[in-house]
Amino acid sequence: MSTDLVRVRTGVYHDSVSLMRVSQAVTGLPGVEVAVVAMATELNRGIAAELGFDLPEAGPADLLIAIRSGGPAALEAAAAELDRLLAGLAGRTGGGTAAEHPPRTVRTAARGRAATLALVSVPGEHAFAEAMDAIEAGLSVMIFSDNVPVEQEVLLKRRAAERDVLVMGPDCGTAVIAGAGLGFANVLRPGPVGLVAASGTGAQQVSCLLDLAGVGVGHVLGVGGRDLSEEVGGLSTLRALEALDADPATELIVLISKPPAPEVARTVREAVAKLGTPVVTALLGPGQDDLTAAAENALRALGVAVPTWRSWPAPAPPPPDDRSRAGGRDTGGADAGRTGADAEGTDGSGGGTRAGTLRGLYSGGTLCAEARLIAGTGEFTDFGDDAYTRGRAHPMIDPALRLEALAEVPPGDVVLLDMVLGHGADPDPSARLAPGIAAAVARGVPVVVALVGSEGDPQGLNAQAEAVRAAGAAVFTSNAQAARHAAGLLASAR
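Let us look at the structure shown here. Bear in mind the structure is a predicted one, so any value in this text is a computation, not a measurement.

On inspection of all chains with the given rule, the structure shows 18 salt bridges. Its salt-bridge partner being Arg 84, residue Glu 81 comes within 2.7 Å of it at the nearest N-O pair. Placement of both Glu 81 and Arg 84 in helix α3 (residues 72-93) is noted, with a separation of three residues, approximately one turn of the helix. With a relative accessible area of 22%, Glu 81 lands in the partly exposed category. For the salt bridge of Glu 379 with Arg 359, the shortest nitrogen-to-oxygen distance reads 2.8 Å. You can see Glu 379 sitting in strand β15 (residues 379-382) and its partner Arg 359 sitting in strand β14 (residues 358-362), a full 20 residues away along the chain. Here Glu 379 falls in the partly exposed class, since its relative accessible area comes to 46%. Several salt bridges converge on common partners, so that one network encompasses Glu 153, Lys 157, Arg 226 and Asp 227.

Structure follows, in structure tokens:
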């Protein structure tokens, strides 16, 4: 019989990303069925209640702990590990208990310090107040929080313009300021390139390709995925371009965006034409350069040779006699040909009895949009969209939803997915993705992986690539090349 532990700790605060990692770690312990470790907001209380926990009274400033295990011994061990993990968070943040009298507002925290930037990572419904407090304190602000209404985003950015500061976000997942990474950030060599990005993973793709080519990046100014929408009008993009243009260390600017509103794109292009610093643009859309082409254009502008982007071909299919051992059943000769597709796009036809579908299972919205544009066919899902992250860890941290989707892909389809490295992301993404990839390949589903990362990332670029390649995937450091390869596999199968 399952045993529950439910506790509420008052006067303790930790950011949502840290607590999601703790929940994931506790859930993975032996004997634990589920764990919810989160601030007791209405949303998080609702999630715990739906899981069947009997909850005491608690408010959004309280820490909610709810663990279900298979028995008392497992529950006791989970509680002990939870205490250890939370103690580690407290040590890293300086505690966070009421007894230490921490600053109660951003403005108070900034007072008396040489602060220029605030990072807001709270539930979306509370982000506006904290971000506005930072702006009024004269700070630029990075809003990591998602699920912030667009009307609030516009108000924040207009007020920031009046205060001569920059708003990065909402839903700004990636930024680099003078070489210091914020949010989901890769380990990049310093250099002369500055990025303005209405995209998180798009910025990571371009900066990592530049890094792999030996070119460094000084700043990545994320502006939030909606900044070039008609509602927001590029307010932060225009300010970020001006800031980089005024920076003497920035020799080249790369501008990246998900497909922008046409009128906003025209306004931004007009502003770019007036800058003194050269600008390479990657405003995704039909007939526009993809992210890899933009990185290559940047290299040419700097006089740097364009390299052959690294890739790892899928392993050859197992011999017929070994197929049942590799995949758990005999899939037949047609499916074997499909699992043997290599990185050059040859031998992936496979035959089959049905017209397949290209299925993009992405954690990055811009990478998903780029792949959809390049492939021109298929069903694509951005699991990092607000609809999938409400009350859940971002898929770059927790791939559970993507793994569920991968397990349901039928033979004859082709899967394209991204795996993003760097600080803030899953410390070992291949450990969880590789078994799902191997199972898909074994049942006749070719898998192509777009691997976004640098040589300096803590997960290890080559080790992660080799792990998913060993599971049967073809791996590319260019998302554009991965999308073309996956579309080619599907076309040859037809």
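Don't stop here, the text continues.
Time to look at the packing of aromatic side chains. Counting across every chain of the model gives two aromatic pairs. Judged by centre distance (5.7 Å) and plane angle (50°), the rings of Phe 144 and Phe 184 are tilted. Remark: Phe 184 occurs in the loop between β8 (180-183) and β9 (193-198) and Phe 144 occurs in the loop between β5 (140-143) and α6 (150-163); sequence separation between them is 40 residues. For Phe 184, a relative accessible area of 6% corresponds to the buried category. Seen in terms of ring centroids, Phe 383 and Tyr 388 are 5.1 Å apart; in terms of plane orientation they differ by 55°. Their pairing is tilted. On the basis of relative accessible area, Phe 383 is assigned to the buried category, the value being 8%. The lysine or arginine in question, Arg 68, covers the ring of Phe 53, its NZ or CZ lying 4.3 Å from the ring centre.

Moving on, we come to the packing of α6 against helix α8 (residues 235-245). Think of two packed helices as two axes; the pair is described by the angle between the axes and how far apart they sit. Their axes nearest at 9 Å, the elements α6 and α8 cross at an angle of 30°. Helix-helix and strand crossings are classified by hand; for α6 and α8 the assignment is left-handed. Contacts between α6 and α8 pair Val 154, Lys 157, Arg 158, Ala 160 and Ala 161 from the former with Leu 235, Ser 236 and Arg 239 from the latter. Tallied by class, the residues present in the contact of α6 with α8 amount to four nonpolar, one polar and three charged.

Rules behind the numbers
Residues numbered from 1 in each chain as written. Predicted model: local features only at pLDDT ≥ 70, side-chain atom pairs only at ≥ 80, totals over all residues. Heavy atoms only, no water. Salt bridge = Lys/Arg side-chain N within 4 Å of Asp/Glu carboxyl O. Helix = DSSP H or I, 4+ residues; strand = E, 2+ residues; numbered from the N terminus. Buried < 20%, exposed > 50% of the residue type's maximum accessible area, 1.4 Å probe, protein only. Phe/Tyr/Trp six-rings, centres within 6.5 Å; stacked < 30°, edge-to-face > 60°. Lys NZ or Arg CZ within 6 Å of the ring centre and 35° of its normal. Axes fitted to C-alpha atoms, helices over the stretch in contact; angles between N-to-C directions. Left-handed = near helix turned anticlockwise from the far one by under 90°. Contact = heavy atoms within 4.5 Å. Nonpolar A, V, L, I, M, F, W, Y, C, P; charged D, E, K, R; others polar.

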